[in-house]
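Here is what each chain is made of, one letter per residue.
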Amino acid sequence: MTVETLAKKRGRPVAFDYETALQNAMHAFWQHGYEGTSMSTLMAVMGMNKASIYAAYGSKEALFKKALERYVQGPASFLAASLAQPTALAVVQLMLSQAAQMLADQSHPVGCLVTQGALACSAESAEIKALLGGYRQTLEQQLAQRFTRAVSEQDLLATTDPVILAKLVMTVHQGMVVQAVGGATQAELFNVAAMATQLVAQGYTTGQVK
């Protein structure tokens, strides 16, 4: 569903709805990226004029940060849930399978807001690019820490490099983002997730996880 469709379905609200307007802004940034989302697009999908948007959310940059927070706590919340799984294999399985479901879900823009938000960022948007890059780096570091724990618990082979394994999983995830934007279906991405999880199981686990 495109942001234009959302705007037509929603129309101009009778009363200001902060959460709905923010949801629509999130979808706009998700579809077009930070710089690709113009104020006129935001005004259309949020049903607000420029002055009202600034009064309610601050600058465009501040609005984007609020939209990103909503994305992390909503559509992308499976990433945090994955890190809490009891085994390393379960971490990988949940992260990639849920990514397959979310990335190609036609009920919202396909792909990943974090990845697409940083596309074509100029020097003027360096702070946004750094913010999104930092988010990805933090997730990769958290994965590495989780896999380090798995090695100490003898859940992963002692020869496993947690940093490289984390980068491998992130690389698969980022590749799935690109595939989703290119038109890959959920079924195709589920197959990628399943194969990647199987390879992790065969190459890294101790055999104690099922």
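Quick caveat, the model's predicted, so the values are computed rather than measured.

Draft legend 1. Examining helix α11 (residues 186-203) more closely. The terminal C-alpha atoms of α11, which comprises 18 residues, lie 26 Å apart, in line with the 26 Å expected from a rise of 1.5 Å per residue. What α11 keeps buried is the set L189, A193, A196, T197 and V200. Down the axis of α11, the buried side of the element spans an arc of 100°, and every buried residue falls inside it. In α11, the exposed positions that point more than 90 degrees away from the buried face belong to N191, M195, L199 and Q202. The inward-facing, buried residues of α11 abut α7 (88-103) and α10 (162-181).

Draft legend 2. A look at the environment of Y54. Relative to the assigned elements, Y54 resides in helix α4 (residues 50-57). Ignoring anything within four residues of it in the chain, the contact list for Y54 reads M39, S59 and K60.

Draft legend 3. The arrangement of the packing of aromatic side chains in detail. Using the criterion set out here, one finds five aromatic pairs in the structure. Measuring from ring centre to ring centre gives 5.0 Å for F29 and F64, while their planes differ by 85°; the resulting arrangement is edge-to-face. Taken together, the residues F29 in helix α2 (residues 18-32) and F64 in helix α5 (residues 60-73) connect sequence positions 35 residues apart. Taking relative accessible area as the criterion, F64 reaches 0% and is therefore assigned buried. In textbook terms, an aromatic cluster arises when at least three aromatic residues are bridged by ring pairs, as seen for F29, Y34 and F64. Just above the ring of Y34 sits the side chain of K60; from NZ or CZ to the centre is 4.7 Å.

Draft legend 4. Main features of the pattern of salt bridges. Inspection of the entire model under this criterion finds five salt bridges. For E61, the salt bridge goes to K65, with nearest N and O atoms at 3.4 Å. Of the two residues, E61 and K65 both sit in helix α5, four residues apart, roughly one turn of that helix. What makes E61 partly exposed here is its relative accessible area of 24%. Given the relative accessible area of 35%, K65 is considered partly exposed. The partner of E153 in a salt bridge is R149, and the shortest N-O contact between them spans 3.1 Å.

Draft legend 5. Spatial organisation of the side chain of T197. Looking at where T197 falls in the secondary structure, it is placed in helix α11. In terms of polar contacts, T197 uses its side chain to reach the backbone carbonyl oxygen of A193, at 2.8 Å. Not counting residues up to four positions away in its chain, the partners in contact with T197 are L89, V92, Q93 and L96.

Draft legend 6. Fine view of unusual backbone geometry. The backbone of Q154 shows a phi angle near 65°, a positive value even though the residue is not glycine. Topologically, Q154 is positioned in the loop between α9 (126-152) and α10.

Draft legend 7. Spatial organisation of α7. The first and last C-alpha atoms of α7 sit 22 Å apart over 16 residues, in line with the 22 Å expected at 1.5 Å per residue. Burial runs high along α7: twelve of the 16 residues are buried. Of all the positions in α7, only A88, L89, A90, V91, V92, M95, L96, S97, A99, A100, M102 and L103 are classed as buried. Taken together, the buried residues of α7 touch α2, α5, α6 (78-83), α9, α10 and α11.

Draft legend 8. Here's a closer look at the packing of α10 against α11. Running from N to C, α10 and α11 point in directions that differ by 170°, and their axes come no closer than 11 Å. Classified by the angle between their axes, α10 and α11 sit roughly antiparallel to one another. Residues L165, V172, M176, Q179 and A180 of α10 lie in contact with α11, whose contacting residues are L189, V192, A193, A196 and V200.

Analysis parameters
Residues numbered from 1 in each chain as written. Predicted model: local features only at pLDDT ≥ 70, side-chain atom pairs only at ≥ 80, totals over all residues. Heavy atoms only, no water. Helix = DSSP H or I, 4+ residues; strand = E, 2+ residues; numbered from the N terminus. Expected span 1.5 Å × (residues − 1). Buried < 20%, exposed > 50% of the residue type's maximum accessible area, 1.4 Å probe, protein only. Arc of directions from axis to C-beta. Contact = heavy atoms within 4.5 Å. Phe/Tyr/Trp six-rings, centres within 6.5 Å; stacked < 30°, edge-to-face > 60°. Lys NZ or Arg CZ within 6 Å of the ring centre and 35° of its normal. Salt bridge = Lys/Arg side-chain N within 4 Å of Asp/Glu carboxyl O. Polar contact = N/O pair within 3.5 Å; in protein donor to acceptor, adjacent residues only side chain to side chain. Axes fitted to C-alpha atoms, helices over the stretch in contact; angles between N-to-C directions. Parallel < 35°, antiparallel > 145°, perpendicular 65-115°, else oblique.

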